[in-house]
Amino acid sequence: MSVGTLTLLTADRYIAVTRPLNYYSIVTERRVKIAITATWLMAPALGSTVLIKNRWTANTACIYEHAVGKGALLVDTLNISLCMLVMTATYAYMMYVSRRHRRRVEQQRPAASATAGTVTEAGVSHSTGEDSISGQPSAQKASKSARRELLQQLKLMKTFGIIVGTFIVCWLPFYVLIFLENTGVYRDVSGALRSVSYTLLFFNSFMNFFIYSWRSGEFRAAFIAVFRCSG
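Everything numeric here is computed off the predicted structure, so don't read it as measured data.

**Details of the packing of helix H1 (residues 2–18) against helix H3 (residues 29–47)**
In the contact formed by H1 and H3, the axes pass within 9 Å of each other and the chain directions differ by 155°. Looking at the two axes, H1 sits roughly antiparallel to H3. With respect to the hand of their crossing, H1 and H3 are arranged in right-handed fashion. Of H3, the residues touching H1 (which contributes Gly4, Thr5 and Leu8) are Ala35, Ile36 and Thr39. For the contact of H1 with H3, the residue count by class is three nonpolar, three polar and no charged.

**Here we look at the side chain of Thr166**
As for its placement among the helices and strands, Thr166 is situated in helix H6 (residues 136–182). For Thr166, a relative accessible area of 15% translates into the label buried. Among all residues touching Thr166, those that are not within four sequence positions of it are Asn204, Met207 and Ile211.

Definitions and cut-offs
Residues numbered from 1 in each chain as written. Predicted model: local features only at pLDDT ≥ 70, side-chain atom pairs only at ≥ 80, totals over all residues. Heavy atoms only, no water. Axes fitted to C-alpha atoms, helices over the stretch in contact; angles between N-to-C directions. Helix = DSSP H or I, 4+ residues; strand = E, 2+ residues; numbered from the N terminus. Parallel < 35°, antiparallel > 145°, perpendicular 65-115°, else oblique. Left-handed = near helix turned anticlockwise from the far one by under 90°. Contact = heavy atoms within 4.5 Å. Nonpolar A, V, L, I, M, F, W, Y, C, P; charged D, E, K, R; others polar. Buried < 20%, exposed > 50% of the residue type's maximum accessible area, 1.4 Å probe, protein only.

Following this line, the structure appears as structure tokens:
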């Protein structure tokens, strides 16, 4: 469920960064509902594969990677690995696009300032916010608005990028260990690596709260408001 939600968020940020002008025409309420419903239906469908050829017996420890059938483990590992690969590649491309957009915005700022200075020297009044000759104040306002929107989208992209990166770091060792053990390449006899991988899984959920608190002022304000109301 978590990886499906993160994949949807990655797709949302991809559209916002690469198609900012068409974002609201692409990400409609109907499409969002369909995507969320499909994710919620897919989660139990994939989860039910653990019932196929279950290897657990009364004399063995109930450990996920030992009790679940190899076919189910393969499906689960491929699903998670594919989602991780897609998210990593998508965020790498978004970083490239965002840097390109930022360079364009920075290049446009000196030109806009120079044009505004020329208009001022010509005796055009800025007190009314109108320019009957070239409409420069309106153009400047539009440029600043576009820059603020870009910076906001970049901040959101970085926030979700940190969340996705944390997810990959915490979950990847677990699935790498599963793959190595089920292919016979490595056997964690002592169980030390298994303990570390499980600890990282739980640590991921713990970290999300601090990431949102660090990156989102709205989240911090809402969290403080909840405590104030409960007090």
